[in-house]
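Summary of structural features
Chain by chain, the residues:
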Amino acid sequence: REDGRVDAKGAGGMARRRIEASVSGPRKRIRFSEEEIRAIEEGVMEHGEGHWAEIKADPKYFSILALRTTTDIKDKWRNMR
């Protein structure tokens, strides 16, 4: 559809629900704190490079990296090296 919405038909076409595309735009950039940088460094030492979801899910780092996506973590690591 032109308005960015997708119609999904349920059982027998009777039920409908709309999934609207996000129109909020790109996320605002937030600088990484020293605590987040340490968590990434320790997480890579513990879990290995490339295991971004494991690092983010680790209870030691979960609350520290809660606002970051795995892609954010990967990109920060790439730029730290």
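Residues numbered from 1 in each chain as written. Predicted model: local features only at pLDDT ≥ 70, side-chain atom pairs only at ≥ 80, totals over all residues. Heavy atoms only, no water.

Let us now look at the overall build of the protein. Check the secondary structure of the protein and you find four helices and two strands. Residues counted as buried form 22% of the 81 residues belonging to the protein. Restricting to contacts in the protein with at least 6 residues of sequence separation, those with at least 24 account for 38%. Accessible surface, the protein: about 6,500 Å² in total, of which carbon and sulfur atoms supply 52%. (Helix = DSSP H or I, 4+ residues; strand = E, 2+ residues; numbered from the N terminus. Buried < 20%, exposed > 50% of the residue type's maximum accessible area, 1.4 Å probe, protein only. Contact = heavy atoms within 4.5 Å. Areas by Shrake-Rupley, 256 points an atom, 1.4 Å probe, with all protein chains shown as cover.)

Now for the nonpolar core. Counting 11 residues, the largest nonpolar core is built from Phe-32, Ile-37, Ala-39, Ile-40, Val-44, Trp-52, Ile-55, Tyr-61, Leu-65, Ile-73 and Trp-77. Elements with a minimum of two residues in this core: helix H1 (34–47), helix H2 (52–57) and helix H4 (70–80). Excluding residues within four positions of it along the chain, Leu-65 makes contact with Glu-36, Ala-39, Ile-40, Ile-55, Lys-56 and Ile-73. (Core = buried A, V, L, I, M, F, W, Y, C linked by side-chain atoms within 4.5 Å.)

Following the criterion strictly, the structure yields six salt bridges and no others. Between Arg-68 and Glu-36 there is a salt bridge, with the nearest N and O atoms lying 2.9 Å from each other. Of this pair, Arg-68 sits in the loop between helix H3 (59–62) and H4 while Glu-36 sits in helix H1, and the two are 32 residues apart along the sequence. One salt-bridge network, held together by shared partners, links Lys-74, Asp-75 and Arg-78. (Salt bridge = Lys/Arg side-chain N within 4 Å of Asp/Glu carboxyl O.)

Let's shift gears to H4. Those residues of H4 that sit buried are Asp-72, Ile-73 and Trp-77. The arc that holds the buried residues of H4, viewed along the axis, is 130 degrees, so those residues lie on one side. In this structure, H4 carries Arg-78 and Asn-79 as exposed residues pointing more than 90 degrees from its buried face. The secondary structure elements touched by the buried residues of H4 are H1 and H2. (Arc of directions from axis to C-beta.)

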